[in-house]
Amino acid sequence: MKILSQRHIRTIAASVTAGVMMVAASAAMASGSDTNIERQSWSFGGIFGSFDRAQLRRGYMVYKNVCSSCHSMNRVHFRNLGEPGGPEYTPEEVKAFAAEVEVTDGPNDEGEMFKRPGRPTDSFPSPYKNVKEAAFSNNGSAPPDLSLMGKARGAARNIHWYMEPLYWIYDMATVYQEQGPDYIFALLTSYKEPPALKISKEECAHHQGYKFEDGVCKFEVIEGLNYNIAFPGHQVAMIPPLSDDLVEFVEGTAPKTKEVCEKDPEQKWLADENRCSMTTAKLARDVAAFLMWTSEPKLEERKSLGVWVMGYLLLMTVLLYLSKRALWRKVKH
Amino acid sequence: MSHHSTYQPSTGFTRWLDSRLPILRFVDDTLTTFPTPKNLNYWWVFGGILAVCLALQIVTGIIMAMHYAPNTLVAFDTIEKFVRDGNFGWLMRYMHAVGATMFFFAVYIHMGRGLYYGSYMAPREILWIIGVLIFLAMMATAFMGYSLVWGNMSLWAVTVITNFFQSLDTIYQGLGTTLVEWIRGDFSVSNVSLNRLYSLHYLVPFIIVGLVVLHVWALHVPGNNNPSGVEVQNPETETLPFHPYYTVKDGYAIAAFLILFAFILFWLPNYFSHPDNYVTADPLSTPAHITPEWYFLAFYALLKAVPSQLGGVVAMFASIIVLFFVPWLDTSPVKSGKHRSFIFKLAFWMLIFSFLALSYLGAKSPEGWYVWLSRVFMGYYFAYFLLLLPLMGLFQKTSQQPASIEKSVS
Amino acid sequence: MSTTLDENVNRRDVIHIAAAAVVGVGAAAFLWPLIDQMNPDASTLSFASIEVDLSPIQPGQAITVMWRGKPVFIRNRTPEEIKASQDTKLEDLPDPIARVLGPDWGSAPGSDEGRTKKGHENWLVVIGVCTHLGCIPKGQKAGEPKGEFGGWFCTCHGSQYDTAARIRKGPAPRNLDIPPYNFMTDTKIKIG
């Protein structure tokens, strides 16, 4: 008995060939970019997202103690730290943070600029006088202002061209607007040793940017730059800013036992010091969340108003539809 | 269609007003009693939606103007200050930005409806031409509005677009340079350019309002087209007063449109913008990929498809100029795509697909198969208007068309 | 018969009325952000209060600070200046009202104690805008005319204020306003 006719065999052969060709073609045309920024889960993502205040405060500590030595944040004012929708420090805490810094004011009645302690109305001070000083002090690359960094970066994906429209739909359906923090988290945790390929010297010559050294084909990092998988081009001027336990918990906010501490996989209990410490990843995550807040201080207000507006619009649409239907019922159309 | 005014002022005041300035009569004639074909489908709601979009953009725009200063030193900062410190500043800003996207979304559907149903055919040629003028004005306004942010993408978009005219140097030496410097007011895009972009960005929307008035007037003379493509023969049985039938139907559609608007506004406000525009303008640092907003991508693809700079500019402008001639390029005796041949339907949807494909390709670097595909779709786009429309109509028979609207709905 | 018709009409109309009402409510609610965006923003409001350190001001000296866009005169009055003000009778004042910004602006008596804080009578804090036509009176700096009453002299049209900044002579109708302020410590005040 013939199970497969000639026609069936031809159809199957054609389909298989087409399939193989598609895969081969897509392999050749693969990738939007050579980096893939992982999508993280954030408390402020999604329809009902909101900031985790404790996380914002930890993130501020990371910015203040680590990043602010090179990165300005001049669109943020100390008073923002106390406003609703952010870390929500008390007015006294805000005043104290402001008073820690010295701000240039003036000119006074003698025509001189002078320094005074900061006030809540002041913006975060810049570590450098101007962008040229910033570049000069950093090997020619000025560290960018971080106020809007949560929105000034996208999350590159390494996908085939035909997957792109599917991702557009997926991103819209999951209201993905956290590309900035995803990138920042990736950047801060992607400092790695440059790749070394175990191939022959002759083969190494075919790889652009690689040099055969000490028996391995090593990726050549330009003098003064650092290898980072997340950064476009993989070589970034910023030295790895974070390390495990670089910033400690603020007094009284740390988990007190090993069990509670290590519930978060990015925290580590230090047995000899009997305290909970934060890993690089945790510090990166917290500062990325903080940078989302500095970029979008009204995020919570926006999403919560949105829920009300959407509810109202759904009601209005239903009523108008019923009104339309009632009107048109008798019309032949 | 123009019908006899049936307005009867009922109070003393309205009679007094009517004899001096018949504005209420005008509203009654155009929005209340106006006889509208009863068989309009939902592709017809976008006119009303566009009117709402225009009003929203003007209102939010005037509000933005209360907080904005068009000087390169502070422009970006004034917007950020309004967004961060202003009362509902974030809402005004995002409404204006997302509003522009929704405006173009609606206008492309509106134009597509016109192309499918033959709304550009006699006696509605002027209506269509005014529509294309509105589209051009919208493109100018949107482009200028984006530049006002003075983010890095703003600066480089203006640099690239004003550079177009440089290509005229190949026709007559010096012509291009003079024109580019006249447009910019400076050797490169600078504060001088920003100031005039602001002035014109404030002006052109009001030109659009004027064009819309003409557009509706030109519509009301012959009356609306309808899905059957057959003109109204008996107003009494084939039309309905605009109010309440179409005011409520349009109202429902506007509400549904606002749901989409609100979804993007409140949860995806930056989805259609580019992260590079949250970096302040830097004349010494070009963004890795200069791309315009999504609604310009198809035209950007055309620009990059042609190898020469002048050729690309010509192709881009030609793609819109060709629209002006559609009423005369289409030779079909049948208006509505609904009753046209299968070939027409296929060709039309291929046109839509080409536009979408060009939009996708517009965001890609002009290399490899991206460029070749852009040329293919560009070829199809022009072939549709210059070859297919004239030819398809010659083979179109009127027999498939219903005899009247009444017959088409029974 | 007519009741059925009425019922039908009522049932049909409910949905239209409901739809119109919901649209109306939404339109009204939508208007609020459009109006509120014109109100002073968070940055402006953050400057609504300022703190001033009084310790560098010696008796007889005065400083001017800007508060909500207006100059505020802060004078450390000498005992003579305080006595001159306290000895003045209310009947002799063209404007016997204290003019402290707040609910009692039009009513509280303009005695010296009505225009200063208890326990801090040497400090006078007034808005330095002449109540005639808005000029800034002279008298803050050494060498500037203070007028016959030892306070301030407005050179625009000759209004003269005493050591409690009350109008004594000239076209100005009212005493200089006292802004809302409080002593946080003996040497620090918060205005606004």
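Residues numbered from 1 in each chain as written. Chains lettered and ligands numbered in written order. Predicted model: local features only at pLDDT ≥ 70, side-chain atom pairs only at ≥ 80, totals over all residues. Heavy atoms only, no water.

1. Overview of the state of the cysteines
At step 1: For the coordinates displayed, the defined rule picks out three disulfides over all chains.
At step 2: The residue that forms a disulfide with Cys204(A) is Cys217(A), at a sulfur-sulfur distance of 1.9 Å. Because the sign of the S-S torsion sets the handedness, a value of about 80° for the bond joining Cys204(A) and Cys217(A) places this disulfide among the right-handed ones. Taken together, the positions of Cys204(A) in helix H7 (residues 201-205) and Cys217(A) in strand E5 (residues 216-219) put the pair 13 residues apart, joining distant regions of the chain. Each member of the pair, Cys204(A) together with Cys217(A), is buried.
At step 3: If the cysteines joined by disulfides in chain A are listed in sequence order, their pairing comes out as 1-2, 3-4.
At step 4: There is no disulfide at Cys130(C), and the cysteine sulfur nearest it, in Cys154(C), is 3.8 Å away. (Disulfide = S-S within 2.5 Å. Helix = DSSP H or I, 4+ residues; strand = E, 2+ residues; numbered from the N terminus. Buried < 20%, exposed > 50% of the residue type's maximum accessible area, 1.4 Å probe, protein only.)

2. Focus on the confidence of the model for chain A
At step 1: Taken as a whole, chain A shows an average pLDDT of 91; of its residues, 90% reach a score of 70 or greater.
At step 2: Predicted confidence is poor over residues 17-31 of chain A, with pLDDT under 50, and the contacts of this stretch with residues over four places away or in other chains come to eight contacts. (pLDDT = per-residue confidence, 0-100. Contact = heavy atoms within 4.5 Å.)

3. Observations regarding the interface of chain A and chain C
At step 1: Between chain A and chain C, the contact holds 14 residues from the first and 15 residues from the second.
At step 2: In total, about 1,100 Å² of surface goes out of reach between chain A and chain C, with carbon and sulfur atoms giving 73% of it.
At step 3: One salt bridge connects Lys95(A) with Glu51(C), and the closest N-O pair in it is separated by 3.1 Å.
At step 4: Joining chain A to chain C, the criterion identifies five residue pairs in polar contact (both at pLDDT 80 or more).
At step 5: Sorting elements by how many residues they give to the side of chain A that touches chain C places helix H10 (residues 299-328) of chain A first, with nine residues.
At step 6: For the side of chain A that touches chain C, a count of residues per class yields eight nonpolar, two polar and four charged. (Buried area = accessible area lost by both parts, 1.4 Å probe. Salt bridge = Lys/Arg side-chain N within 4 Å of Asp/Glu carboxyl O. Polar contact = N/O pair within 3.5 Å; in protein donor to acceptor, adjacent residues only side chain to side chain. Nonpolar A, V, L, I, M, F, W, Y, C, P; charged D, E, K, R; others polar.)

4. Some thoughts on the pairing of strand E5 (residues 150-153) of chain C
All names here are of chain C.
At step 1: The sheet contact formed by E5 and strand E6 (residues 160-162) spans three bridges and is antiparallel. Paired with Gly 150 across the bridge in E6 is Asp 162.
At step 2: In sequence, E5 turns back onto E6 through a hairpin of six residues, with Gly 158 there showing a positive phi of about 85°. (Pairing = 2+ DSSP bridges.)

5. Describing the pattern of salt bridges
At step 1: Counting across every chain of the model gives 38 salt bridges over all chains.
At step 2: Residue Arg116(A) pairs with Asp105(A) through a salt bridge whose shortest N-O separation is 2.8 Å. Separated by eleven residues along the polypeptide, Arg116(A) in strand E2 (residues 114-117) and Asp105(A) in strand E1 (residues 102-105) bring together distant segments of the chain.
At step 3: Two residues, Glu80(B) and Arg84(B), come together in a salt bridge whose shortest N-O distance is 3.0 Å. Placement of the pair is Glu80(B) and Arg84(B) together in helix H4 (residues 75-85), with a separation of four residues, close to one helical turn. In this pair, the class of Glu80(B) matches that of Arg84(B), namely buried.
At step 4: One continuous salt-bridge network, built from bridges that share partners, spans Asp245(A), Glu248(A), Glu273(A) and Arg275(A).

6. Some thoughts on the packing of helix H12 (residues 297-305) of chain B against helix H16 (residues 369-394) of chain B
All names here are of chain B.
At step 1: Across the interface, H12 lies against H16 with an axial gap of 9 Å and an inter-helix angle of 110°. For the element pair H12 / H16, the angle class is roughly perpendicular. Across the interface between the two elements, Ala 301, Leu 302 and Ala 305 from H12 touch Val 371, Ser 374, Arg 375 and Met 378 from H16.
At step 2: Looking at the contact of H12 with H16 residue by residue, the classes come out as five nonpolar, one polar and one charged. (Axes fitted to C-alpha atoms, helices over the stretch in contact; angles between N-to-C directions. Parallel < 35°, antiparallel > 145°, perpendicular 65-115°, else oblique.)

7. So, the interface of chain B and chain A
At step 1: Of the residues lining the interface, 45 residues belong to chain B; the matching set on chain A comes to 47 residues.
At step 2: Contact between chain B and chain A buries roughly 4,300 Å² in total, counting both sides, with carbon and sulfur atoms accounting for 68%.
At step 3: Here chain B and chain A share three salt bridges between them.
At step 4: Between Lys364(B) and Glu164(A) there is a salt bridge whose closest N-O contact spans 2.6 Å.
At step 5: Where chain B touches chain A, the interface holds 19 residue pairs in polar contact (both at pLDDT 80 or more).
At step 6: When contributions to the side of chain B that touches chain A are tallied by element, the ones reaching two or more residues are H4, helix H5 (89-117), helix H11 (242-267) and helix H17 (405-409) of chain B.
At step 7: Of all the elements, H11(B) adds the most residues to the side of chain B that touches chain A, at 17 residues.

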